Structures are given as structure tokens and as C-alpha cells.
Amino acid sequence: MTLRSRYSAWNLLAAASKGDTNWAPVWREDEPKLRYDVIVIGGGGHGLATAYYLAKNHGVTNVAVLEAGWIGGGNTGRNTTIVRSNYLYPESARLYDFSLRQYEHLAQALNFNIMFSQRGIVTLAHSRHDLDAQARWANAMLCNGIDAELLDARQVQELEPRLNFGAGARFPILGGFIQRRGGSARHDAVAWGYARGASALGVDIVQSCSVTGFLKQGNAVVGVATNRGEIRADKVAMAVAGHSSVLAGMAGFQLPVTSYALQAMVSEPVKPVLNTVTLSPSLGAYWSQSDKGEVVIGGALDHFPSYAQRGSFDVMQHVLAATVEMFPSFSRLRMLRQWAGIVDVVQDSSPIIGATPVPGLFINCGWGTGGFKAIPVGGWTLAHVLATGHNHELAEPFQLQRFHTGRLIDEAAAAGIAH
Ligand code: FAD
Ligand code: PYC
């Protein structure tokens, strides 16, 4: 630490301890206007990124993001921040890799440190079946131009020496594969960085503004009703994750979405103990370490649909049993926090980005347990259709219409752990 940075760190500490509130806000807190060109419902990563790219890529700045709570307080602030593009089908590979490539430059683009760390995603194989399935998975990635490397047991052990390689291990580790460009980013920073960028370009960010209904002219949406009054707009977009089917219901159509709680937990902070993000799809658990030192632990969806944002005990118990089995030394970790988010699961485990059956209303949803990694591409492609009236080529295969045509993109096998 240089003398200068030691002084500024000291100034920050001194300011914080005196309760100094003179720091410049990162984004403007706006009162809603009566009318906008575009309203985006939902101030999670996808909604904020949509507003940012509307302004940045298309010059559409008369835009409001309406958030019922606080920005990033939904799944964006509750997720375990895995960023990867290791999907199976070409359509998904293109979509998620575009997003990963945006993440690689996002800190510079937003001039905001999102703490993106490409520490690699390791998927573990515990059986002959896992090895075969992962060889197919990695080969599909290579065919799609995405980096993937198969690993033998020794290579996995070199990457994560604390894994259980004991002779009596209940789930022996036979190998796995790695996407080295995968990793993680700081969730709040992604929301705040997009909010700051959008606000600087003229977008209104309105927190504590809950959409309670849609204003219609004939069948078309022409605005929204909120707890802060009616607001009109030429176009309305919704990016409300676990509440997509609730808002679709208000607008008068149905979505093929089921909402479940997905939970995660963190330990007390400890010295560096994990080098990568490691997943065991067969065991339904995954592990990484945050920059603060907390071991981040997650697992599968709850087994029943719910809007209760807490997660059920049996899933937590299963995930912790898998954790001590795979990392015996973690049995001494004390857990600090557990939480859940409500995710929107679509039956082919792929998102929906584009028009809805209601004129004037657009949607970004269905990311299920895996939409944090997709925030840049979700925002980019939704902004494109809002601004131009045409689907972005990356989003073309992900239309709601696919549930009529049958052209599903079934990514369940590559969904990582959960959906
Ligand atoms: P959100 O961040 O949920 O934002 C939607 C916003 O809409 C919310 O802030 C909500 O308050 C607001 N809203 C809802 N209704 C209304 C209304 N009526 N009016 C106004 N606003 C409204 N993805 C990954 O890629 N990698 C991971 O490792 C990962 N791990 C996860 C772990 C957990 C425990 C959870 C819960 C999710 C995980 N995900 C992961 C999934 C990821 O978090 C989501 O797919 C993503 O954050 C969705 O972003 P979003 O902007 O669409 O939704
Ligand atoms: O999308 O990689 C992912 C993921 C893993 C666990 C939850 N989401």
C-alpha cells in the first residue's frame, strides 16, 4: 500500500466512523414522471442493463426503471454469482458466451469495479456415467467454439487440494472438466454499475415503486398503475424474474413459468481455501470463496413451487451433508448466513426474451437459477427489440413463441446444479 493510498484508506475509515454522508450518490433517486418512451419494470440486473443499453446503444434515454423494493434486492443481490458459458446447444453457447465476453470488459465499460474474477469453473465427475456425460458436454462446447478441458483426478486434485480424495470417500472424484474463462463477479456491483451508467445517461431510477396493474388501450399496454400513481409509456418491458407469471397474469396472458425458492449460504470469512468455483451436479452442491473470504455454498431448488423467500430445511441439510463429504475440513466452518431467492423456471431451462402476446409489452424472464451470468446479454437483447422493433439475432431462438412451435432449447443438463 503506498503512502497516498494509506492516507485515502484512513480518510475513508475516518469518514465512515463519523457517519459522513457527503459522498456523491452513485445514481440519482428520481420521482416518476407522468410519461416515458420506455418503462422497464424490475430493478434487478436485467432491468438495469436493459435501461443502460437502451440509452448507450440506441440513444433512448426517456426511460424509467421501476423497482418495487431497492435495486439489486431481488435475485441479483441473492445469487452465488457464477459466470460461465458452458451450455450444450449452439443457440445457448452464442447467447451466454456473448454475455461472458461482455463481463470481461464490463468494469471498463461501466467504469465501475465489478470484481470479475475468471478463476475457472470445475465440474466434478463421480462415476463412469458422469465422465461420459461430461466428455459429451465438453465436446459440445468445443464444437460451439467455447473453451473446455477434460480433467483427470490428479488434475482436479491439483486445482482443489482440499477436496476429498481419501480412499474411503463416499463419492470418489474420477475427474471432471473446467471452463477456465468462467468465474464470478460481485453481484451488487453489477447492479450498481449498470444503475450508475444508466442514470448518468438520463434514465430515471425509481425505487419503492411497485407495479400493480397495466393501463390498456384496447388490447395494447400503454402504461402501468403503481403505488405512486399511473405512468404512461410507448413501450413497457418486464424483467421481474420470480414474479414474471404474476405480472403476466396482470397483463392478461400466461407464461410457461413455475416459481421456486433457490437458496444459498455463506460461512464466516476464512483465509483462501478454494481456488476455483467447483460444482458437483451429481451431488447437487457447489462451492466458491468470496473476496471477503466467505465460503459460498449452494445447491438445488426447493422441491415445490413457492414465493416464500427463505428456502426449505431439507435442501439445506442435503447441501451441507454434501459439503462435508466433499470437503471434510469444512466441517469446522461456522455458517454465517442463509437466504433464498424466487427464480422463474421454464420447462426447457432457457430464457424468454422478446415480445409478449400483448402489444406494447415485452419480457425478459425464465433465467431460472442461471441468469446472473446473462445480465449483459439479457439487457442488450431486450434493449435491441425495444428500440428497433426487431429481435436481436441472439434472442431470436428464445421467443415465447417456441412453446407453440415446439422448437425448445432444452438446457436442463447444462443448467449446472439446479433447474
Ligand atoms: P431480479 O434480480 O430478481 O430482479 C427483479 C426485480 O423485479 C426485483 O428487484 C423485484 O423487486 C422487482 N419486481 C418484482 N415485481 C415487481 C413489481 N410488481 N413492480 C416493480 N418491481 C418488481 N445465476 C447465475 O448466473 N449464477 C449463479 O451462480 C446463480 N446463483 C443463484 C443462487 C441463488 C440462491 C439464486 C436465488 C439465484 C441464482 N442465480 C444465479 C440466478 C440469478 O440470480 C437470476 O437469474 C438473476 O439474478 C435474475 O435477474 P433479474 O434482474 O431478472 O431478476
Ligand atoms: O448458473 O451456474 C449457474 C448456477 C450454479 C448454481 C446456481 N446457478
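Residues numbered from 1 in each chain as written. Chains lettered and ligands numbered in written order. Predicted model: local features only at pLDDT ≥ 70, side-chain atom pairs only at ≥ 80, totals over all residues. Heavy atoms only, no water.

Novice: Residue-level account of the site of ligand 1, with values.
Specialist: In the vicinity of ligand 1, 37 residues are found, and the nearest of them are Glu-67, Asn-75, Thr-76, Gly-371 and Lys-373. Val-211 is positioned such that a nitrogen or oxygen atom in its backbone is 2.9 Å from a nitrogen atom of ligand 1. Backbone polar atom of Lys-373 to an oxygen atom of ligand 1: 2.8 Å apart, as the coordinates give it. Across the complex, the protein chains shield 94% of the 1,000 Å² of accessible surface that ligand 1 would expose by itself. Per-element accounting of the shell around ligand 1 gives the leading share, three residues, to strand S12 (residues 257-269). Here the residues of the shell around ligand 1 are counted per class, giving 16 nonpolar, 18 polar and three charged. (Near = heavy atom within 4 Å. Polar contact = N/O pair within 3.5 Å; in protein donor to acceptor, adjacent residues only side chain to side chain. Areas by Shrake-Rupley, 256 points an atom, 1.4 Å probe, with all protein chains shown as cover. Helix = DSSP H or I, 4+ residues; strand = E, 2+ residues; numbered from the N terminus. Nonpolar A, V, L, I, M, F, W, Y, C, P; charged D, E, K, R; others polar.)

Novice: Provide a residue-level description of a nonpolar patch on the surface, including the pertinent values.
Specialist: Where nonpolar side chains cluster on the molecular surface, the patch consists of Val-246, Met-250 and Tyr-307 and spans about 250 Å² of accessible area. Mapped onto the elements of the fold, Met-250 is located in helix H7 (residues 244-251). The exposure class assigned to Met-250 is partly exposed, which follows from its relative accessible area of 34%. (Patch = residues over 30% accessible without salt bridge, like charges linked within 9 Å, V, L, I, M, F, W, Y side chains within 5 Å. Salt bridge = Lys/Arg side-chain N within 4 Å of Asp/Glu carboxyl O. Buried < 20%, exposed > 50% of the residue type's maximum accessible area, 1.4 Å probe, protein only.)

Novice: Let's hear about the environment of Thr-276: which residues, and what values?
Specialist: Its location among the elements puts Thr-276 in the loop between S12 and strand S13 (277-280). Taking the relative accessible area as the measure of exposure, Thr-276 reaches 2% and is therefore buried. Aside from chain neighbours lying at most four places away, what touches Thr-276 is Arg-119, Gly-120, Val-122, Leu-159, Glu-160, Trp-287 and Ser-288. At 2.6 Å, the side chain of Thr-276 and the side chain of Glu-160 are in polar contact. (Contact = heavy atoms within 4.5 Å.)

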